[in-house]
Amino acid sequence: RIKTSTERIGGLVEDLIQLTNLDTGNMQFKQESIDLKLIIDSAMAYTSSQIREKNITMRLDLPEAQTRFQTDKDAFQQVLIHLLQNATAASQAEGTITLRIRIESDESEHNYISVQVSDTGGGIASEDIPRVFSRRYRAEHSLIQGLGDTGVGLSIAKALVEAQNGRIWVETQP
């Protein structure tokens, strides 16, 4: 228990350092060609023990072809990890998490990565949706039902996505 608690606190400290770097603009993004499936494998490996602990079924819906994409590898992997960790924490034992990734194009023919993570958790009340990604609210008030743990990971995911001109949102049903 001590080891698990120490690892959890260490993870929270790392998350807070990353948030501080994002808030102060000290985080640099390195655009590089990445292999989507390799990044997904790494994120899955990082969260696999939590998924196994709750006997959660993991469903993957990925592009068929070998897909390479230009983005910051570390930031993309962190976003996946935080989304999967939250889905795992929000899911009931023996629930299901689905990770769906697509390469899509906007009106100006620019490609982007579309990531959708869904879980079989209890859902989020409509009045809490505007606060899902807000770490300040979560730190000062009770936890939002339907989300896992402290929510710092979702704040980091939002900051990483938006720092690279992306969008992140939640759709839910209680």
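For the structure itself, look to the data block above.
These numbers come from a predicted model, not from an experiment.

Draft legend 1. Quick peek at the packing of helix H3 (residues 73-90) against helix H5 (residues 152-163). Two elements in contact, H3 and H5, have axes separated by 9 Å at closest approach and are oriented at 150 degrees. Here H3 is positioned roughly antiparallel relative to H5, judged by the angle of their axes. Seen from above, H3 lies across H5 with left-handed handedness. Facing H3, whose interface residues are Ala75, Gln78, Val79, His82, Leu83 and Asn86, H5 presents Gly153, Leu154, Ile156, Ala157, Leu160 and Val161. Across the contact of H3 with H5, the residue classes tally to eight nonpolar, four polar and no charged.

Draft legend 2. Here's a closer look at helix H2 (residues 36-53). Taking 1.5 Å of rise per residue, the 18 residues of H2 would be expected to cover 26 Å, and the 26 Å separating its terminal C-alpha atoms lies within 8% of that figure. Remark: the principal bend of H2, roughly 50 degrees, maps to Thr47. Listing the buried residues of H2 in full gives Leu36, Ile39, Ile40, Ala43, Met44, Thr47 and Ile51. Along its buried surface, H2 packs onto strand S1 (31-35), strand S2 (57-61), H3, strand S4 (96-105) and strand S5 (111-119). At the N-terminal end of H2, a side-chain oxygen is found 3.1 Å from the backbone nitrogen of Lys37, two or three residues along, and the residue is Asp35. Residue Asn55 follows H2 closely and has a positive phi angle near 55 degrees.

Reading the values: the criteria
Residues numbered from 1 in each chain as written. Predicted model: local features only at pLDDT ≥ 70, side-chain atom pairs only at ≥ 80, totals over all residues. Heavy atoms only, no water. Axes fitted to C-alpha atoms, helices over the stretch in contact; angles between N-to-C directions. Helix = DSSP H or I, 4+ residues; strand = E, 2+ residues; numbered from the N terminus. Parallel < 35°, antiparallel > 145°, perpendicular 65-115°, else oblique. Left-handed = near helix turned anticlockwise from the far one by under 90°. Contact = heavy atoms within 4.5 Å. Nonpolar A, V, L, I, M, F, W, Y, C, P; charged D, E, K, R; others polar. Expected span 1.5 Å × (residues − 1). Bend = angle between axes of the 7 residues up to and from the residue. Buried < 20%, exposed > 50% of the residue type's maximum accessible area, 1.4 Å probe, protein only. Polar contact = N/O pair within 3.5 Å; in protein donor to acceptor, adjacent residues only side chain to side chain.

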